[in-house]
Amino acid sequence: MKKTIPCIAFMLFSITVMAQKSRIARKELLKAPMNQKVTTAEVQEITMPGGETAPKHLHPCPVIGIIKSGEAIFQIEGRESIILHEGDAFYEPKNVNILHFDNASKEKALVFTAMYLKKGNEENIQFLNK
């Protein structure tokens, strides 16, 4: 009888875990090759007021992020601009010019989370001359 109780408890635990897994949904938002060793990740929440535009810039490290609220006009040099919506993920490769990361709304704030994936002491951002 003593051996049966732990076995039943384990079976009940396993059934509970399997039931929970079936309710969990995963949706891939972004897959981006980094081609660098990451030793530090810095995560920031950034809020841009309505109508705000970011200066042309680049990042000395790869940056991935997700739009929490609002919409952004996003353009990497050599590519068409796109609109990022709430829930969209984005990738800014290291040392590539970002021409636009602008709030698409004149009234509503843009809020996003940016993750800077560093291999050393790189700065997060470098602004480019106009």
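Everything numeric in this text was worked out from a predicted model, so none of it was measured.

Caption draft 1: Geometry of the overall build of the chain. Within the chain one finds one helix and nine strands. Across the chain, helices and strands are ordered from the amino to the carboxyl terminus as α-β-β-β-β-β-β-β-β-β. Residue burial in the chain is summarised as follows: out of 130 residues, 27% are buried. Considering only intrachain contacts with a sequence separation of at least 6, the fraction spanning at least 24 residues in the chain is 76%.

Caption draft 2: Molecular detail of the pattern of salt bridges. The full count for this structure, using the stated rule, is three salt bridges. One salt bridge in this structure joins K31 and E28, with 3.9 Å as the shortest N-O distance. Summarising the burial analysis for this pair, K31 and E28 share the class exposed.

Caption draft 3: Region of the structure containing the sheet that holds strand β1 (residues 40–48). As summarised here, the arrangement of the four strands in space is β1-β8-β3-β6, forming an open sheet in which the pairing is antiparallel. For this open sheet the edge positions go to β1 and β6 (89–92), each flanked by a neighbour on one side alone. Within the sheet, the average angular offset between the axes of one strand and its neighbour, ignoring direction, is 25°. Note: strand β3 (residues 63–69) against strand β8 (residues 110–118), six bridges, orientation antiparallel. Its bridge partner lying in β8, G65 is registered against A114.

Caption draft 4: Broad picture of the pairing of β3. Relative to β6, β3 runs antiparallel, the two being bridged by four bridges. Its bridge partner being in β6, I66 is matched across the sheet by A89.

Caption draft 5: Representation of unusual backbone geometry in the model. One non-glycine residue, N35, lies in the positive phi region at around 50°. Within the element layout of this structure, N35 appears in the loop between α1 (4–23) and β1. Although it is not a glycine, N95 adopts a positive phi angle of roughly 60°. If you trace the backbone, N95 turns up in the loop between β6 and β7 (98–103).

Cut-offs and rules
- Residues numbered from 1 in each chain as written.
- Predicted model: local features only at pLDDT ≥ 70, side-chain atom pairs only at ≥ 80, totals over all residues.
- Heavy atoms only, no water.
- Helix = DSSP H or I, 4+ residues; strand = E, 2+ residues; numbered from the N terminus.
- Buried < 20%, exposed > 50% of the residue type's maximum accessible area, 1.4 Å probe, protein only.
- Contact = heavy atoms within 4.5 Å.
- Salt bridge = Lys/Arg side-chain N within 4 Å of Asp/Glu carboxyl O.
- Pairing = 2+ DSSP bridges.
- Axes fitted to C-alpha atoms, helices over the stretch in contact; angles between N-to-C directions.

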